[in-house]
Amino acid sequence: MTILDIWLGILRGLGTTAAVTGYGLVFAVPFALLLGVAQYLTRGIARLAITCIIEFWRSSAVIILLFFFYYTLPVVGVTLSAWTVSAMVLGLNAGGYASQAVRAGLQALPAGQREAGKALGLSRATTLLLIELPQALVAMSPTFVNTLIQLVKGTALVSLVTLTDMTFRAKEIAQIEYNPIAIYSALLMAFFVVCYPIALMGRWLEARIGKSGGRFGGI
Amino acid sequence: MGFDPDFAVSSVPIILSALGTTLAVALASCIGAAIIGFAFELIRRAGGLGGATTRFIIDFIRSTPVLAWLYFLYYVLPFYGIRINAIGTGIIALSLYYSGYLAEVFKAGIDAIPRGQSEAAKALSLSRRDTIVHVIAPQMLRNIAPPLGNYFVSILKATPYLAVLAVPEMLGRAFDIASEIYRYAEPLAAAGLIFLVLALLVSAGVKRLENQLLWSGTR
């Protein structure tokens, strides 16, 4: 097996890695937006309940969450595919992190923004959707990019629940060919090739937001 | 079948018997990551070829999953005749992986120190070593306490990754119990809950320490 064969073999898993990431975002984005905003708006018991949900997904070890839901859901009669379980666990974990960025971004806005919305006679929901959220999301976009990278890297875990991502392919090749250096450095390189451009994009966003003077202009 | 709460409860003491291993791995990895991360940042800061190489290494580490590093080190180190047990390999992998993140934390901490500080040290003709140890490091530590604490909690939550190398930490013990009678849900639920409580406790402790550090720093 040549180095090229090893590379091609690992890249056969790229589709799964990308699919789990995309499917994970389906869970992560709504979760982050809804719970981040909810945590920002609520007080008292309601806020405590929301915080508990976020902390469950954010503060648990993601590898345990994955195994737990993979093995436990069938026991209580819920049968989901390994795809869905993986996307849900990785997505909600990333969403939990992103929700904190959403909330922090909203809290960091000057109160004048909300007050100006009120003075213009806009409803609370309209103020939130048209004035607060756009500014908060732009300001926090570098953080979201970092969370996306974490999500892509987190997909390596799905190899442990039978999905054939790049990590799974590498282990598969390692079983038929004793060349750990070539195989596992190719795996690391493959992730680097996927994640580094995303990181560069994040840096570009950060510079762009920093340069635009007013924190929220520019983009 | 169904979920058997009694079995879950009975697995708690067995899982907790590995608490020491989990905490030892986490502590060793925190220290390792801090040392490597600080060294990385100092070399990167010095510039030149070494600085550029280190910059690339840090970016590379941050763009690759910890699971891939675990496999890489586990299979590649013995290839070079370096025989370390699975725990040692795991600690090296976690230290290396998180050093990339801590280097960024140290960078932000050093950047936040006013230029006048290092200029004053130069004016007093302190050596580079004395400047780092007595002028830069103490001020940096106060700047970086919160993000450093967060990464230490992340390291704790990453220790169950070592279960894939059959290290008998808490998740590993949970799998031992599970595979004895082929019931995974209960021990994994117990392990997940223990990790969640542990992570929340440690993050609360870290927050307290931070506050004390901040107060002791303000005069």
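Computed from a predicted model, the values in this text were never measured in an experiment.

## A closer look at the overall build of chain A
When its secondary structure is counted, chain A shows 10 helices and 0 strands. Along the chain direction, N to C, the helices and strands of chain A fall in the order α-α-α-α-α-α-α-α-α-α. Expressed along its principal axes, the backbone C-alpha trace of chain A runs to roughly 70 × 50 × 20 Å. By sequence separation, contacts in chain A at least 24 residues apart represent 76% of the contacts at least 6 residues apart.

## Comments concerning the packing of helix H3 (residues 44–59) of chain A against helix H5 (residues 82–108) of chain A
Residue and element names in this part refer to chain A. Where H3 contacts H5, the axes come no closer than 7 Å and their chain directions differ by 120 degrees. With respect to H5, the axis of H3 lies oblique. H5 is crossed by H3, and the crossing has left-handed handedness. Here Ile54, Trp57 and Arg58 of H3 come into contact with H5, specifically with Leu92, Asn93, Gly95, Gly96, Tyr97 and Ser99. Grouping the constituent residues of the contact of H3 with H5 by class yields 4 nonpolar, 4 polar and 1 charged.

## A few points about the confidence of the model for chain B
Of all residues in chain B, 98% attain a pLDDT of 70 or more, and the chain-wide mean is 91. The ipTM value of the predicted complex is 0.90, and its pTM value is 0.91.

## A few points about the interface of chain A and chain B
Counting residues at the interface gives 28 residues for chain A and 31 residues for chain B. Listed by contribution, the elements that provide at least two residues to the side of chain A that touches chain B are helix H4 (62–75) and helix H10 (180–211) of chain A. A per-element tally of the side of chain A that touches chain B places H10(A) first, with 11 residues. Its residues placed into classes, the side of chain A that touches chain B shows 22 nonpolar, 5 polar and 1 charged.

## Description of the environment of B:Gly192
Position of B:Gly192 among the secondary structure elements: in helix H9 (residues 185–217). On the neighbour-count criterion, B:Gly192 (24 C-beta atoms within 10 Å) is buried. Along the sequence, B:Gly192 and B:Gly100 sit 92 residues apart, while their C-alpha atoms lie 27 Å from each other. Once residues within four sequence positions are removed from consideration, B:Gly192 is found in contact with A:Ser60, A:Ile64, A:Leu65 and A:Phe68.

## Things to note about the confidence of the model for chain A
For chain A, mean pLDDT is 92; residues scoring 70 or higher make up 96% of the total. Confidence drops under pLDDT 50 across residues 214–219 of chain A; counting only partners more than four residues distant or on other chains, this segment forms 13 contacts.

## A look at the UniProt feature "domain: ABC transmembrane type-1" (unreviewed entry) in chain A
Here the UniProt feature "domain: ABC transmembrane type-1" (unreviewed entry) sits at residues 14–202 of chain A. Summarising residues 14–202 of chain A: 84% helix, 0% strand, and an end-to-end C-alpha distance of 22 Å.

## Examining the UniProt feature "transmembrane region" (unreviewed entry) in chain A
Residue and element names in this part refer to chain A. Sites flagged by UniProt as "transmembrane region" (unreviewed entry) map to residues 20–41, 62–83 and 181–205. Helix makes up 73% of residues 62–83 and strand 0%, and the two end C-alpha atoms of the span are 15 Å apart. Along residues 181–205 one finds 100% helix and 0% strand; the C-alpha atoms at either end are 35 Å apart.

## Description of the packing of helix H2 (residues 19–46) of chain B against helix H3 (residues 48–62) of chain B
Residues and elements named next belong to chain B. Where H2 meets H3, the axes come as close as 6 Å, and the angle between the chain directions of the two elements is 135 degrees. Between H2 and H3, the interaxial angle falls into the category oblique. Between H2 and H3 lies a crossing whose hand is left-handed. Facing Phe40, Ile43, Arg44, Arg45 and Ala46 of H2, the residues of H3 in contact are Gly48, Gly50, Gly51, Thr54, Arg55 and Ile58. Each residue belonging to the contact of H2 with H3 can be placed in one class, and the counts come to 4 nonpolar, 4 polar and 3 charged.

Rules used throughout
- Residues numbered from 1 in each chain as written.
- Chains lettered and ligands numbered in written order.
- Predicted model: local features only at pLDDT ≥ 70, side-chain atom pairs only at ≥ 80, totals over all residues.
- Helix = DSSP H or I, 4+ residues; strand = E, 2+ residues; numbered from the N terminus.
- Contact = placed C-beta atoms within 7 Å.
- Axes fitted to C-alpha atoms, helices over the stretch in contact; angles between N-to-C directions.
- Parallel < 35°, antiparallel > 145°, perpendicular 65-115°, else oblique.
- Left-handed = near helix turned anticlockwise from the far one by under 90°.
- Nonpolar A, V, L, I, M, F, W, Y, C, P; charged D, E, K, R; others polar.
- pLDDT = per-residue confidence, 0-100.
- Buried ≥ 20, exposed ≤ 12 C-beta atoms within 10 Å, placed from the backbone.
- UniProt positions renumbered as here; feature names shortened; annotations may be inferred.

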